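The chain contents come next:
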Amino acid sequence: MQTNILSVQGITKSFGDLHALDGISLDVPRQKVSILIGPNGSGKTTLINVISGIYKPDAGKVRFNEKDVTGSPPYQLYQMGMARTFQIPALFWKLTVLENLLVAEKSNPGESFLNSLLKGRWINSETRSVEKASRMLGLLGLSRVWDQPCYNLSGGQMKLVEIGRALMSNAQILLLDEPVSGVNPTLAHEIFSRILRLRDEFG
Ligand SMILES: Nc1ncnc2c1ncn2[C@@H]1O[C@H](COP(=O)(O)OP(=O)(O)O)[C@@H](O)[C@H]1O
Ligand SMILES: [Mg+2]
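Let us look at the structure shown here. Given the structure is predicted, the values throughout are model-derived calculations rather than measurements.

This brings us to the site of ligand 1. If you check the shell around ligand 1, you find Phe15, Leu18, Ala20, Pro39, Asn40, Gly41, Ser42, Gly43, Lys44, Thr45, Thr46 and Tyr55 and nothing else. In the model, an oxygen atom of ligand 1 is placed 3.0 Å from a nitrogen or oxygen of the Gly43 main chain. Within the side chain of Thr45, one N or O atom sits 2.8 Å away from an oxygen atom of ligand 1. Residue assignment for the shell around ligand 1 shows that the elements contributing at least two residues are strand S2 (18-29) and helix H1 (44-51). With three residues, H1 is the single largest residue contributor to the shell around ligand 1. Class assignment of the residues belonging to the shell around ligand 1 gives a composition of five nonpolar, six polar and one charged.

Here it is in structure tokens:
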């Protein structure tokens, strides 16, 4: 049976007198790319913030992988396989494209003090991380700029780095907030086709 990876029921969220979300329900089936469309101020970012645990909803339920995760904190949802991007990319500007992907890797055995002294304990895992990041950069069309600091990138490339970084966590779902805003139509088309290719490649 086809199950939904994400299911949102009756979400309500107000900021004082402003009802940003009023009984929102939607289902996202596995292996599908779903798009939420609405004018500025219609509540898209607020809904992503509720789903990803940044805001607690006033009412309603968020189910992720059949589990009720309403009100769970963002780090827990991230550990469970939910990743998101931000409307305004939040990258490590002075780090390179590759480094931005590597910092998102969940397991870094070389970061413990004891392990850091024992190269054998982390070298394989570091190599695997770099291979994974390189493959991701290939799929995102960023191979040529792997060693550029992020402040040198175009707006579209910054969005792609954010997507790649989110995917380094082995996320099962990726919530993209405005993946093509401020990007020219040709590049927007390319970003969407790369998102579809990532879906086909990683399921
Ligand atoms: N933290 C907040 N405090 C007060 N109002 C907010 C906050 N976040 C969003 N809003 C308001 O909620 C409404 C929906 O905003 P938003 O979710 O950002 O819309 P969208 O992403 O669709 O443009 C807007 O009127 C916005 O001003
Ligand atoms: Mg928004």
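Having seen the structure, we can now continue with the description.
What follows deals with unusual backbone geometry. For Gln31, which is not glycine, the phi torsion reads 60 degrees and is therefore positive. Mapped onto the elements of the fold, Gln31 is located in the loop between S2 and H1. The exposure class assigned to Gln31 is exposed, which follows from its relative accessible area of 54%. Within the chain, Glu66 stands out as a residue other than glycine whose phi angle is a positive 70 degrees. Here Glu66 shows up in the loop between strand S3 (59-64) and strand S4 (67-68).

If you trace the backbone, Ile37 turns up in the loop between S2 and H1. By relative accessible area, which is 77% here, Ile37 ends up exposed. Distance in space between the C-alpha atoms of Ile37 and Glu178 is 9.6 Å, their sequence separation being 141 residues.

Surrounding the magnesium ion (ligand 2) are the protein donor atoms Thr45 (OG1) and Gln87 (OE1), which sit 2.0 to 2.4 Å from the metal. Of the two residues, Thr45 is situated in helix H1 and Gln87 in the loop between strand S5 (82-84) and helix H3 (97-102); the sequence distance between them amounts to 42 residues. Given the relative accessible area of 32%, Gln87 is considered partly exposed.

Thresholds, definitions, all that
For every chain, the first residue of the written sequence is number 1, and numbering continues from 1 along that sequence. Each chain takes a letter, starting from A, and each ligand takes a number, starting from 1, following the order in which they are written. The model is predicted, so local features are restricted to residues of pLDDT at least 70 and side-chain atom pairs to those at 80 or more, both for listing and for counting; the totals for chains, interfaces and linings are taken over all residues. Calculated side-chain values reflect all of the structure's heavy atoms, with hydrogen atoms and water omitted. By convention in this text, a residue qualifies as near a molecule or strand provided that one of its non-hydrogen atoms is within 4 Å of it. Two N or O atoms form a polar contact when they lie within 3.5 Å of each other; inside protein one atom must be a possible hydrogen donor and the other a possible acceptor, and for residues adjacent in sequence the pair counts only when both atoms belong to side chains. Every helix listed is a DSSP run of H or I at least four residues long, and every strand listed is a run of E at least two residues long, numbered separately from the N terminus. Asp, Glu, Lys and Arg are counted as charged, while Ala, Val, Leu, Ile, Met, Phe, Trp, Tyr, Cys and Pro are counted as nonpolar; the rest, among them Gly, fall into the polar class. Categorising residues by exposure relies on relative accessible area from a 1.4 Å probe, with only protein chains included: less than 20% of the type maximum marks a residue as buried, more than 50% marks it as exposed, and the intermediate range marks it as partly exposed. Shown as donors are all N, O and S atoms within 2.8 Å of a metal ion, widened to 3.2 Å for Na, K and Ca; because water is not in the atom set, sites may appear incomplete.

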